[in-house]
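Notes for the structure review
Listed below are the residues making up each chain.
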Amino acid sequence: MTGDCLQVTTTTESEADARRLARAAVEARLAACVQVVGPIESTYWWKGRLEQAREWMCLAKTTSDAYPALESFLLANHPYDTPEITACVLDRGSDSYLSWIREETRGSPDEGLV
């Protein structure tokens, strides 16, 4: 089945925050994998001002079924007031990798298995 796996992106201001979110999301089986990338430079509008910041990016691999619980987790545990939480459908990928994502997120709290 294609289109049921997602890559969810969020950013944090510190590597420690990114690693903490990544580990907790994987431990809870909200994501099969979270890659921490950084530092990156972000330019954005915030409260009427143009800002630039060094951030760390988290790329979480999950399923559409597990996404609501992952989003809730990020909103509850993220240090930002308005964190970036975006999801892109993994329209294509190796069958074995996409199957692995499905298997590793199968026990997500949304399904009552954890």
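This report concerns the structure included in the present document.

What counts, and at which threshold
Residues numbered from 1 in each chain as written. Predicted model: local features only at pLDDT ≥ 70, side-chain atom pairs only at ≥ 80, totals over all residues. Heavy atoms only, no water. Helix = DSSP H or I, 4+ residues; strand = E, 2+ residues; numbered from the N terminus. Rg over C-alpha atoms; globule rule 2.2 N^0.38 Å. Buried < 20%, exposed > 50% of the residue type's maximum accessible area, 1.4 Å probe, protein only. Contact = heavy atoms within 4.5 Å. Areas by Shrake-Rupley, 256 points an atom, 1.4 Å probe, with all protein chains shown as cover. Lys, Arg positive; Asp, Glu negative; His and termini not counted. Charge placed at Lys NZ, Arg CZ, Asp CG, Glu CD. Phe/Tyr/Trp six-rings, centres within 6.5 Å; stacked < 30°, edge-to-face > 60°. Arc of directions from axis to C-beta. Polar contact = N/O pair within 3.5 Å; in protein donor to acceptor, adjacent residues only side chain to side chain.

**Some remarks on the overall build of the chain**
Across its full length, the chain holds 3 helices and 4 strands. Helices (α) and strands (β) of the chain occur, in sequence order from the N terminus, as β-α-β-β-α-β-α. Taking 2.2 N^0.38 as the reference for a compact globule, 114 residues should give roughly 13 Å; the C-alpha atoms of the chain span a radius of gyration of 14 Å, in line with that estimate. For the C-alpha atoms alone, the extent of the chain along its principal axes is close to 45 × 30 × 20 Å. Expressed as a percentage of its 114 residues, the buried residues of the chain come to 39%. Long-range contacts, defined as pairs at least 24 residues apart, comprise 70% of the intrachain contacts of the chain with a sequence gap of at least 6. Total accessible area on the chain stands at roughly 6800 Å², and carbon and sulfur atoms take up 50% of it. The average position of the 11 basic charges and that of the 18 acidic charges among the side chains of the chain differ by 4 Å.

**A look at the environment of Gly38**
With respect to the helices and strands, Gly38 occurs in strand E2 (residues 33–46). By relative accessible area, Gly38 is classed as partly exposed at 35%. Once the C-alpha coordinates of Gly38 and Thr12 are considered, the two residues, 26 residues apart in sequence, prove to be 9.9 Å apart.

**Digging into the packing of aromatic side chains**
Evaluation of the coordinates by the stated rule reveals 1 aromatic pair. Ring geometry for Tyr97 against Trp100: centres 5.5 Å apart, planes inclined by 35 degrees, an arrangement best described as tilted. Residue Tyr97 and its partner Trp100 are located together in helix H3 (residues 95–104), separated by 3 residues, close to a single helical turn.

**What about H3?**
An α-helical segment advances 3.6 residues per turn. Residues three or four places apart therefore align on the same side. Taken as a whole, H3 has its buried residues at Leu98, Ile101 and Arg102. Projection of H3 onto a plane perpendicular to its axis shows the buried side chains occupying an angular sector of 95 degrees, all on one side. Considering only its buried residues, H3 is in contact with strand E1 (5–12) and strand E3 (49–63).

**Regarding the side chain of His78**
Considering the arrangement of structural elements, one finds His78 in the loop between helix H2 (67–77) and strand E4 (86–89). Take His78: its relative accessible area is 8%, and that puts it in the buried class. For His78, the side chain forms a polar contact with the main-chain nitrogen of Tyr80, separated by 3.0 Å. Look past the residues within four positions of His78 in its chain and what remains in contact with it is Thr10, Thr11, Thr12, Leu21 and Pro83.

Note that all results are geometric; they support no functional claim without further evidence.
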